[in-house]
Amino acid sequence: EVNANYVVVKNIQVTGDLVVSSSVNTKVELNGVNVQGDIVLEESPVVAVASLNAMVANKAQNGPKITIVGGQAHSVIVNRNNASIESNVVIKQITISATVDVVNIDGTVTKVVVESTKALELTGDATITEMILETAAKLNLNLTGVIEKLLVNNADAKVTVATTIRVTTAVIPTGSTSSNIFGNT
């Protein structure tokens, strides 16, 4: 478990899960690390911050930035708002949990599974082979790059697609129309 900010983990094999605890809100670098289990970004407790200065209030909302350099990352489970995942290796799967509303992805991912029930914004520069939207969430794809296949499993989902992302194939539920699900920014 990683419990501290500004940590670099180098050249190790993790046979189970690597957990980035809720206390981490800055950069964690995994350099040459082979994780056989999941990389789990723990949900942080909701802390009410009262401030007359919006900058101070917003700083409490920052999530961790996970940088993966070399090694292997089979799966990343994002339970944390404002998390950023940056990788120079292919990540096999990123799962975004029900409580998350902003995630940044920079890199190549085989599959992204969106379980979020909140309005979710995805940012970054990514190449994604397959993205699956399981819920009726509002999904804002504010990405640069390519999604080869976008599978929308819920007819009540709303997906906004930025002009900087190319979706090669979109699959929607039977009986739905693309105009009911998709919009552009």
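Since we're looking at a predicted model, the values are computed, not measured. (Residues numbered from 1 in each chain as written. Predicted model: local features only at pLDDT ≥ 70, side-chain atom pairs only at ≥ 80, totals over all residues. Heavy atoms only, no water.)

**Some details on the overall build of the protein chain**
Thinking step 1. Of regular secondary structure, the protein chain possesses two helices and 15 strands.
Thinking step 2. Its C-alpha atoms give the protein chain a radius of gyration of 17 Å, within 12% of the compact-globule value 16 Å for 185 residues.
Thinking step 3. Here the C-alpha coordinates of the protein chain stretch approximately 50 × 45 × 25 Å along the principal axes.
Thinking step 4. Looking at the protein chain residue by residue over its 185 residues, the buried ones come to 42%.
Thinking step 5. Considering only residue pairs separated by 6 or more positions, the protein chain has 19% of its internal contacts joining residues 24 or more positions apart.
Thinking step 6. For the protein chain, the accessible surface area stands at approximately 9000 Å², while carbon and sulfur atoms represent 49% of it.
Thinking step 7. Put simply, the protein chain has 12 plus and 16 minus side-chain charges, and the middle of one group is 4 Å from the middle of the other. (Helix = DSSP H or I, 4+ residues; strand = E, 2+ residues; numbered from the N terminus. Rg over C-alpha atoms; globule rule 2.2 N^0.38 Å. Buried < 20%, exposed > 50% of the residue type's maximum accessible area, 1.4 Å probe, protein only. Contact = heavy atoms within 4.5 Å. Areas by Shrake-Rupley, 256 points an atom, 1.4 Å probe, with all protein chains shown as cover. Lys, Arg positive; Asp, Glu negative; His and termini not counted. Charge placed at Lys NZ, Arg CZ, Asp CG, Glu CD.)

**Let's talk about the pairing of strand β5 (residues 34–41)**
Thinking step 1. Sheet analysis places strand β2 (residues 13–14) next to β5, joined by two bridges and oriented parallel. Looking at β5, one finds that Gln-13 is bridged to Asn-34.
Thinking step 2. Sheet topology places strand β3 (residues 18–20) next to β5; three bridges connect them, and they run parallel. Bridging from a neighbouring strand, Leu-18 pairs with Ile-39 of β5.
Thinking step 3. Here β5 runs beside strand β7 (residues 72–78); their pairing, made up of six bridges, is parallel. Bridged to Ile-39 within β7 is Val-76. (Pairing = 2+ DSSP bridges.)

**Notes on the nonpolar core**
Thinking step 1. With 47 residues, the main nonpolar core has Ile-94, Leu-122, Met-131 and Leu-141 as its most contacted residues.
Thinking step 2. The residues touching Leu-141, leaving out its near neighbours within four places in the chain, are Leu-122, Met-131, Ile-147, Leu-150, Val-159, Thr-160, Val-161, Ala-162 and Ile-165. (Core = buried A, V, L, I, M, F, W, Y, C linked by side-chain atoms within 4.5 Å.)

**Observations regarding the pattern of salt bridges**
Thinking step 1. Enumeration according to the criterion identifies three salt bridges in this entry.
Thinking step 2. Its salt-bridge partner being Lys-27, residue Glu-29 comes within 4.0 Å of it at the nearest N-O pair.
Thinking step 3. For Glu-29, a relative accessible area of 17% corresponds to the buried category.
Thinking step 4. Judged by relative accessible area, which is 36%, Lys-27 ranks as partly exposed.
Thinking step 5. For Asp-101, the salt bridge identified is with Lys-118, shortest N-O distance 3.4 Å. Taken as a pair, Asp-101 in the loop between β9 (91–96) and β10 (102–114) and Lys-118 in the loop between β10 and β11 (120–133) lie far apart in primary sequence, 17 residues in all. (Salt bridge = Lys/Arg side-chain N within 4 Å of Asp/Glu carboxyl O.)

**Some remarks on the confidence of the model for the protein chain**
Thinking step 1. In the predicted model, the protein chain carries a mean pLDDT of 89, and 91% of its residues have values of at least 70.
Thinking step 2. Counting contacts from residues 54–60, a segment whose pLDDT is below 50, to residues more than four positions away or on other chains yields five contacts. (pLDDT = per-residue confidence, 0-100.)

**Here we look at the pairing of β10**
Thinking step 1. Bridging between strand β8 (residues 83–87) and β10 involves four bridges; their strand directions are parallel. Across the sheet, Ser-84 pairs through a bridge with Asn-104, a residue of β10.
Thinking step 2. The pairing of β9 with β10 spans five bridges and is classified as parallel. Residue pairing in the sheet places Ile-91 in a bridge with Val-109 of β10.

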